[in-house]
Amino acid sequence: MKDNTNHHELIPRGELEEILRVLEEENPMSATETKHGNSYHYGTSEDTPVSKERLLAAIKGAEIEDIYVHSPFCVARCHYCTYPIAVGQGQDKVLKFLDELAGEIQEALDFFGYSDLKSIHVGGGTPNYLELQELERFSKLIAQGFPLQNLRQMDIEVSPVNLDEEKIALLAGFGFNRISMGIQTFDDGINQRNGRFNQSAEQVIGLVEVLKRYFPNISVDLLAGQEGQSLHDLSDDFRKALDLDVNSIYLYQVRQAFRHGGLDEVEALNHFLSYFSQNGYEILSHNQVIKKRNSDGYCQQREGRAKLENLLGIGPAANSEMQGYIFTNVPPAEYLRSGKGINAQTIKMKQKRNQKALYLLRALRYFTRPDVDGLLVGDYQGKFGTHPYDDFKGKIDFMGKAGLLIMNDGKIEVTSKGMLFTQWIDNYLTRHYK
Ligand code: SF4
């Protein structure tokens with residue numbers, strides 16, 4: 001029987017170190033690879049570069065199921081931030097952004113189909129960097145820019161800085177029905193130390209109370225691995241996040257190597273999952289806990305990624321993923337200077353086997369069904385016409401022996417231990433599957 005992932009007991013450090021030793025022997029990875037967040041790597045060297053003409057011919061008329069809109073602006077760059085952003089820009093750049101965005105949305109509307117558009121996710125950057133009137137135009141472009149008859153979710157990421165009740169009410173008024181706030185930490189000293197100025201714990205707690213009056217579906221993000229952050233500090237953040245009583249909580253990790261040591265990804269996830277699963281939350285992913293699985297707090301965009309649905313990225317540096325192709329828009333500086341467009345260097349066609357690996361590992365990272373902590377084999381067969389065990393026999397056997405995966409009843413699921421090593425599984429499946 002599979003262990004129950006909705007109750008994660010803290011796993012002793014010695015046991016985790018032993019697993020790491022076995023994994024390292026099978027597939028040695030540098031400290032950078034294990035800690036870097038390679039899981040977010042969009043493509044691999046084995047994907048085939050293709051021309052823009054070939055891409056456009058292949059995707060014309062594609063049915064888009066998910067849209068991501070990237071707003072690039074932030075007040076300042078937090079020290080750990082690796083996102084494509086534009087810092088401290090004035091009104092002229094914001095207007096340029098909104099004009100380009102309007103054009104991009106119109107072009108996309110003419111080029112693709114939207115009969116089953118399920119989700120729109122707006123992120124950044126900090127969308128609420130925009131002043132009220134700018135935010136109104138931005139929201140209107142999005143909410144009125146697409147056929148929304150089948151839309152299940154329209155959500156937006158916000159930061160506590162530059163956010164007030166007027167902006168929150170405006171977003172709710174435009175139909176956003178899920179909001180996620182990047183808190184990162186409640187510790188004012190750690191925020192200061194990491195260049196995240198102007199955000200206080202008191203202000204964050206007050207804003208979440210306001211969010212609750214307007215949004216049924218609230219998620220917050222915490223961040224492990226910040227400079228000067230100990231496990232004790234992180235545990236303190238867990239307690240404060242629990243007190244917020246929101247629908248869902250994520251724990252992200254700083255992407256760069258943890259320069260100051262002491263708190264690694266596995267240890268942070270071990271404590272995160274155990275604390276929240278023992279305090280009324282269910283586990284929905286290696287880094288997300290939720291009040292009730294697949295209800296409020298659930299992110300449709302993540303489900304779309306797990307199913308390799310067609311994703312259209314709009315705005316600077318936004319990623320798209322459709323019909324087996326991946327590509328990224330031009331970066332913020334170019335977008336705000338010369339205008340919208342696809343970055344031709346990023347266009348790649350994913351090999352079938354690479355698509356399969358991606359599908360399998362996303363299923364292991366984001367649980368899309370209430371009762372499966374990983375992959376339903378039938379879903380995979382429906383998508384690719386083959387059995388995942390035939391495609392990844394050696395890898396699945398090894399991970400089963402290492403105690404990370406379990407395969408039975410037509411499912412391949414991660415164990416409680418396996419959830420702490422999804423970074424490793426990710427590298428293993430996408431970079432070393434030959
Ligand atoms: S608020 Fe978020 S997107 Fe902006 S600089 Fe900080 S981490 Fe990066």
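Let me sum up the structure you'll find in this document.

Quick notes on the rules
The numbering scheme is per chain: residues are counted from 1 as the chain's sequence reads. The predicted nature of this model means local features are confined to residues of pLDDT at least 70 and side-chain atom pairs, given and counted, to a pLDDT of 80 or more, with totals for whole chains, interfaces and linings taken over all residues. Numbered from the N terminus, helices here are DSSP runs of H or I no shorter than four residues, and strands are runs of E no shorter than two. Atoms considered for the radius of gyration are the C-alpha atoms alone. The globule rule reads 2.2 Å times the number of residues to the power 0.38. When DSSP finds two or more bridges between a pair of strands, those strands are recorded as paired. Between N-to-C directions, angles span 0 to 180 degrees; the directions come from axes that are lines fitted to C-alpha atoms, helices contributing only their stretch in contact. For every residue pair, C-beta atoms are placed from the backbone, and the pair is scored as a contact if these atoms sit within 7 Å. Proximity of a residue to a molecule or strand is defined by its backbone-placed C-beta atom lying within 6 Å of that partner. Following the grouping adopted for this structure description, the nonpolar residues are Ala, Val, Leu, Ile, Met, Phe, Trp, Tyr, Cys and Pro, the charged ones are Asp, Glu, Lys and Arg, and the polar ones are all others, Gly among them. Think of a nonpolar core as buried Ala, Val, Leu, Ile, Met, Phe, Trp, Tyr and Cys residues, each tied to the set through C-beta atoms within 7 Å. Here a residue counts as buried when 20 or more other C-beta atoms sit within 10 Å of its C-beta, as exposed when there are 12 or fewer, and as partly exposed otherwise, the C-beta atoms being derived from the backbone. An automatic or database domain assignment is the source of the domain bounds shown. Angle categories: roughly parallel below 35 degrees, roughly antiparallel above 145, roughly perpendicular from 65 to 115, and oblique for all the rest. The sense of a crossing depends on the near helix, which, turned anticlockwise from the far helix by less than a right angle, makes the crossing left-handed and, turned clockwise, makes it right-handed. Helix span, as expected, comes to 1.5 Å for every residue beyond the first.

### Digging into the overall build of the protein chain
Looking only at helices and strands, one finds 17 helices and 18 strands in the protein chain. At 21 Å, the protein chain has a C-alpha radius of gyration in line with the 22 Å of a compact globule built from 434 residues. Dimensions of the protein chain along its principal axes, counting C-alpha atoms only, are 55 × 50 × 35 Å.

### Brief notes about the sheet that holds strand 18 (residues 411–414)
Read from one edge to the other, the open sheet built from three strands follows the order 16-18-17, with strand pairing classed as antiparallel. The two strands at the open ends of the sheet, each matched to only one other strand, are strand 16 (374–376) and strand 17 (405–408). Along the sheet, successive strands turn relative to each other by an average axial angle of 15°, direction set aside. Contacting strand 16 and strand 18, helix 13 (residues 352–365) runs over the sheet at an angle of about 120° to strand 16. Seen against the sheet, helix 15 (residues 388–401) touches strand 16, strand 17 and strand 18 and runs at an angle of roughly 130° to strand 17.

### Some details on the site of the ligand
Every residue close to the ligand is listed here: Cys74, Arg77, Cys78, Cys81, Tyr83, Ile85, Gly124, Gly125, Thr126, Ser159 and Gly182. Here the shell around the ligand is composed, by residue class, of five nonpolar, five polar and one charged.

### A closer look at the nonpolar core
Ranked by internal contacts, the top residues of the largest apolar core, which has 112 residues, are Ile67, Ile179, Leu360 and Ile425. When residues of this core are assigned to domains, at least three map to each of domain 1 (13–45 + 352–431) and domain 2 (48–306). When sequence neighbours within four positions are dropped, the list of residues in contact with Ile179 reads Asp155, Ile156, Val158, Leu171, Leu211, Phe215 and Ile218.

### Thoughts on the packing of helix 6 (residues 165–173) against helix 8 (residues 201–214)
The description of two helices packed together rests on the angle between their axes and the distance between the axes. Where helix 6 meets helix 8, the axes come as close as 10 Å, and the angle between the chain directions of the two elements is 30°. In terms of axis orientation, helix 6 runs roughly parallel to helix 8. Viewed along their axes, helix 6 and helix 8 form a crossing whose handedness is right-handed. Across the interface between the two elements, Glu165, Ile168, Ala169 and Ala172 of helix 6 pack against Val210, Leu211 and Tyr214 of helix 8.

### Considering helix 13
What sets the pattern is the α-helix's 3.6 residues per turn: residues three or four places apart point alike. Helix length check: helix 13, at 14 residues, gives a terminal C-alpha distance of 20 Å against a target of 20 Å (1.5 Å per residue), a fit within 8%. Across the 14 residues that make up helix 13, a large majority, 11, are buried.

### Side note on unusual backbone geometry
With the exception of glycine, the majority of residues adopt a negative phi angle, and the majority of peptide bonds are in the trans configuration. That bond from Gly124 to Gly125 is cis: its omega, 20°, falls within 30 degrees of zero. Summarising the element assignment, Gly125 is placed in the loop between strand 5 (119–124) and helix 5 (132–143). Despite not being glycine, Asn294 shows a phi value in the positive range, around 60°. Residue position: Asn294 is located in the loop between strand 11 (288–290) and helix 11 (300–306).

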